[in-house]
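# Architecture at a glance
As a plain string of letters, each chain reads:
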Amino acid sequence: MAIERVFDLCTWGILPFWVLLAVSPHGLWTRRLLHSGLAPAAFATVYTGALALGLGTAEGGSFFSLNGVMALFQAPLLALTGWVHYLVFDLFIGAWEVREARRCGIRHAFALPCLFLTLMAGPLGLLAFFALRLGVGGGTPLEEGSA
């Protein structure tokens, strides 16, 4: 399958899961597909395949310098790998935000902007959720307890 097709399938294929998080955060299908880890694992499988096929395809690529990382992303399979990496982790964090909001008694409506930011700019959404949790949830961002 062409790399562009896999890119399109992953990019558009992940959106229904975000819709589930937004409109049915604790519904049956959200629990089965997202809170179970099934959907992120499916995309992680695509990531693993692209990584395995892409290793060694970027001349001068490495994780230890900006130029090396830029070289990695010049290889189409590794650019796809990087993109799917973002998609998987953002979705995983979004699902965690939904569960954590519920655990802390934060209304879903308050968490929705954080979910959108997590979808569009992962770490920014996570930071917004941490601020929300601190302000509304009454605890530090990663504090566990009886909230």
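The coordinates are above.
A few points on the structure.

What the rule picks out here adds up to four aromatic pairs. Ring plane angle 85 degrees and centroid distance 6.0 Å describe the contact between F17 and F43, whose orientation is recorded as edge-to-face. Separated by 26 residues along the polypeptide, F17 in helix α2 (residues 15-23) and F43 in helix α4 (residues 38-54) bring together distant segments of the chain. On the basis of relative accessibility, which here comes to 16%, the residue F17 falls in the buried class. Put simply, the rings of W96, F129 and F130 touch in pairs and so form one group of aromatic residues. Over the ring of W29 we find R32; its NZ or CZ atom is 5.1 Å from the centre of that ring. The ring of F110 has R107 sitting right over it, with the charged end atom 5.2 Å from the ring centre.

Turning our eyes to something else, we now look at the side chain of D90. Along the polypeptide, D90 turns up in helix α6 (residues 76-104). Buried within the structure, D90 lacks any salt-bridge partner; its nearest side chain of opposite charge belongs to R99, at an N-O separation of 14 Å. With near-sequence residues (within four places) excluded, D90 lies in contact with W18, T118, L119 and G122.

With that settled, the discussion passes to the packing of α2 against α6. Put simply, α2 and α6 touch, their axes get as near as 10 Å, and they point 10 degrees apart. Here α6 runs roughly parallel to α2, going by the angle between their axes. Within the contact between the two elements, α2 uses F17, W18 and L21 and α6 uses D90, L91, G94, A95 and V98. By residue class, the composition of the contact of α2 with α6 is six nonpolar, one polar and one charged.

As a further point, take α6. Structural remark: α-helix, 3.6 residues per turn; residues separated by three or four positions point the same way. The terminal C-alpha atoms of α6 lie 42 Å apart, and with 29 residues this matches the ideal 42 Å at 1.5 Å per residue to within 8%. Just downstream of α6, G105 is the residue with a positive phi angle, here 75 degrees.

Looking at the secondary structure, you find E97 in helix α6. Among buried charged residues, E97 stands out as having no salt bridge; its nearest opposite-charge side chain is R99, 10 Å away. Not counting chain neighbours up to four residues away, the residues in contact with E97 comprise C114, L115, T118, G125, L126 and F129.

Tracing the chain through its elements places W83 in helix α6. Look at W83 and you get partly exposed, because its relative accessible area is 32%. When the C-alpha atoms of W83 and F130 are compared, they prove to be 24 Å apart, with 47 residues separating the residues in sequence. Apart from the residues lying within four places of it in its own chain, the contact partners of W83 are F7 and T11.

Cut-offs and rules
- Residues numbered from 1 in each chain as written.
- Predicted model: local features only at pLDDT ≥ 70, side-chain atom pairs only at ≥ 80, totals over all residues.
- Heavy atoms only, no water.
- Phe/Tyr/Trp six-rings, centres within 6.5 Å; stacked < 30°, edge-to-face > 60°.
- Helix = DSSP H or I, 4+ residues; strand = E, 2+ residues; numbered from the N terminus.
- Buried < 20%, exposed > 50% of the residue type's maximum accessible area, 1.4 Å probe, protein only.
- Lys NZ or Arg CZ within 6 Å of the ring centre and 35° of its normal.
- Lys, Arg positive; Asp, Glu negative; His and termini not counted.
- Salt bridge = Lys/Arg side-chain N within 4 Å of Asp/Glu carboxyl O.
- Contact = heavy atoms within 4.5 Å.
- Axes fitted to C-alpha atoms, helices over the stretch in contact; angles between N-to-C directions.
- Parallel < 35°, antiparallel > 145°, perpendicular 65-115°, else oblique.
- Nonpolar A, V, L, I, M, F, W, Y, C, P; charged D, E, K, R; others polar.
- Expected span 1.5 Å × (residues − 1).

This is a description of form; function is not addressed.
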